[in-house]
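One-letter residues, chain by chain:
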Amino acid sequence: MLRLVRLILFMIVVVMLMLPQTSLARGGSGYAVLDGDTGRVLLGSNSDARLPIASLTKIWTALVAIENSNLQDEVVISPRAAMAEGSSIYLQAGETVTVETLLYGLMLRSGNDAATALAEHAGGSVEGFVKLMNERAVVAGLTNTVFMNPSGLHHDEHLSSARDTAEMLRIALQNKTFKKIASTVLFRANTENGMLWENKHRLLREGSGVAIDIDDETQQPVSALKSAKGSAFAGKTGFTKVAGRTLATAFQKDGQTCIVVTLNESDDWNVHRGLANKVWQDYSLETVVKKGKYKVNKNLSIRLEQPISLQLNKEEKESVRQVLHVSRKRKEGVLSIFIGEERIYARPVSVESADR
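Keep in mind the model is a prediction, meaning the values are calculated, not measured.

How each quantity is defined
- Residues numbered from 1 in each chain as written.
- Predicted model: local features only at pLDDT ≥ 70, side-chain atom pairs only at ≥ 80, totals over all residues.
- Heavy atoms only, no water.
- Helix = DSSP H or I, 4+ residues; strand = E, 2+ residues; numbered from the N terminus.
- Buried < 20%, exposed > 50% of the residue type's maximum accessible area, 1.4 Å probe, protein only.
- Areas by Shrake-Rupley, 256 points an atom, 1.4 Å probe, with all protein chains shown as cover.
- Axes fitted to C-alpha atoms, helices over the stretch in contact; angles between N-to-C directions.
- Parallel < 35°, antiparallel > 145°, perpendicular 65-115°, else oblique.
- Left-handed = near helix turned anticlockwise from the far one by under 90°.
- Contact = heavy atoms within 4.5 Å.
- Nonpolar A, V, L, I, M, F, W, Y, C, P; charged D, E, K, R; others polar.
- Salt bridge = Lys/Arg side-chain N within 4 Å of Asp/Glu carboxyl O.
- Phe/Tyr/Trp six-rings, centres within 6.5 Å; stacked < 30°, edge-to-face > 60°.
- Lys NZ or Arg CZ within 6 Å of the ring centre and 35° of its normal.
- Pairing = 2+ DSSP bridges.
- Polar contact = N/O pair within 3.5 Å; in protein donor to acceptor, adjacent residues only side chain to side chain.

**Student:** Explain the overall build of the protein chain to me, please; I cannot follow it from the model alone.
**Tutor:** Regarding its fold elements, the protein chain presents 12 helices and 18 strands. In the protein chain, buried positions account for 47% of the 356 residues. By element, 50% of the accessible surface of the protein chain is carried by carbon and sulfur atoms, the whole surface being about 18000 Å².

**Student:** Before we go on, may I ask you to explain the packing of helix α5 (residues 99-109) against helix α6 (residues 112-123) in this structure?
**Tutor:** For any two helices packed against each other, the geometry is given by the interaxial angle and the distance between the axes. The geometry of α5 relative to α6 is characterised by a closest axis approach of 9 Å and an angle of 140 degrees between their N-to-C directions. In terms of orientation, α5 lies oblique with respect to α6. You can see that α5 and α6 cross each other, and the crossing is left-handed. Where α5 approaches α6, its residues Val99, Leu102, Leu103, Gly105 and Leu106 are matched on the opposing element by Ala114, Ala115, Ala117, Leu118 and His121. Residue classes in the contact of α5 with α6 are distributed as eight nonpolar, two polar and no charged.

**Student:** What's the story with the pattern of salt bridges in this structure? I'm lost.
**Tutor:** Pairing between side chains becomes possible if they bear opposite charge and their charged atoms approach one another. Here the structure, examined in full by the defined rule, presents 11 salt bridges. A salt bridge links Asp48 to Arg163; its shortest N-O distance comes to 3.9 Å. Taken together, the positions of Asp48 in the loop between β2 (41-45) and α3 (57-67) and Arg163 in helix α8 (residues 162-172) put the pair 115 residues apart, joining distant regions of the chain. We classify Asp48 as partly exposed; its relative accessible area is 40%. Its relative accessible area of 36% is what places Arg163 among the partly exposed residues.

**Student:** Any chance you could explain the packing of aromatic side chains here in plain terms?
**Tutor:** For any two aromatic rings, the description comes down to two numbers: the centre-to-centre distance and the angle of the planes. For the structure on display, the rule yields two aromatic pairs. Ring centres of Tyr104 and Phe187 lie 4.0 Å apart, and the angle between their planes is 10 degrees; on these two criteria the pair is classed as stacked. One end of the pair, Tyr104, is in helix α5; the other, Phe187, is in strand β5 (residues 184-188), and 83 residues separate them in sequence. Note on accessibility: Tyr104 and Phe187 belong to one class, buried. Where Phe187 meets Trp197, the ring centres are 5.9 Å apart and the plane angle is 25 degrees; that geometry is what we call stacked. Here Trp197 lies in strand β6 (residues 196-198) and Phe187 lies in strand β5, a separation of 10 residues in the sequence. By way of ring pairs, the aromatic residues Tyr104, Phe187 and Trp197 are connected into one cluster. The residue whose ring lies beneath Arg321 is Phe338, and the NZ or CZ to ring-centre distance is 4.8 Å.

**Student:** What should I look at first to understand the sheet that holds strand β16 (residues 320-326) in this one?
**Tutor:** Each strand in a sheet pairs with its neighbour through backbone hydrogen bonds, running either in the same direction (parallel) or in the opposite one (antiparallel). Reading across the sheet, the five strands line up as β13-β14-β18-β17-β16 and stay open at both edges, with antiparallel pairing between neighbours. The open sheet is flanked by β13 (292-295) and β16, the only strands paired with a single partner. Sheet twist, expressed as the average angle between the axes of neighbouring strands with direction ignored, equals 35 degrees. Pairing between β13 and strand β14 (residues 300-304): four bridges, direction antiparallel. Each bridged residue has a counterpart across the sheet, and for Gly292 the counterpart in β14 is Leu304.

**Student:** Would you mind going over the side chain of Glu167 with me for this structure?
**Tutor:** Inspection of the secondary structure assignment puts Glu167 in helix α8. Polar side-chain contacts of Glu167 include one of 2.9 Å to the side chain of Arg170. Other than its neighbours up to four places away in sequence, Glu167 contacts Leu34, Gly39 and Leu142.

In short, the description is geometric, and any link to function would need to be established separately.
This is the structure in structure tokens:
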């Protein structure tokens, strides 16, 4: 009997070791909800764990491509791009497509062929572009992120975290071109296999975002056909067998903006709705410091050209405080906002003579 038990245990261990790494790696999950203006984490669980993010990678691919090319650049599709593994917008080797069209195919339909074509164009090669992605990630302070490809196909070292990925979307949305593309619901493509591309992000399709059409004569994108109101206004979907379902969504309501990212969450649509609703319920946009001139002492004053407004919950409103640091030369300073001992926001300010 003991020998049988040992044999069974041995076989279980052998089977586990023989399982592909994809099956063993899917246990990890995490989520993060950021203040869309400041990047502060409002809600989260396992938000800094390094996990596969699948096609959420394409948020960064799009931003880096936009920053390193012109929208109307014409890209000749290579055989490598046309044969890219995974999701596709069905590009044909040898056809010519603008960077702008490739970006719509990347963000709306998650085309791995579009990702490869953009990488080859903006980086000189896929490998060169991945280097640009990682360099840009370092500049952005994404300390838990390493890219190995522009599409998000599985690679053991291609990892990020829910917090980093939410920050990717927050940073990318500061780019007007990215924001327009990531908010688009429908786009009529003018590729050889041209078709009407619908955004895979369900929450955008349910009433947010804009629809873009192509002018029949110029074959260029024209202004929005419609502009629908709703809470979700931009985002990206993702999936691989290793990563599971990944989702990034930007929400807005009454001046508040939040970024929600879930990694390996099977019920992501409902979870995103629920997390956004929790932010609207628990947090309000509060003006912490109004714009204007403030006297520091009898010799110095500071001036704020714009007010400082932050999303705070009821408890945070009662413990918020401001701390001013002034340089030795008294020409510049930093106004920091603290909740207890945690600094949640900082803004450079100009320092003036109090009698000015």
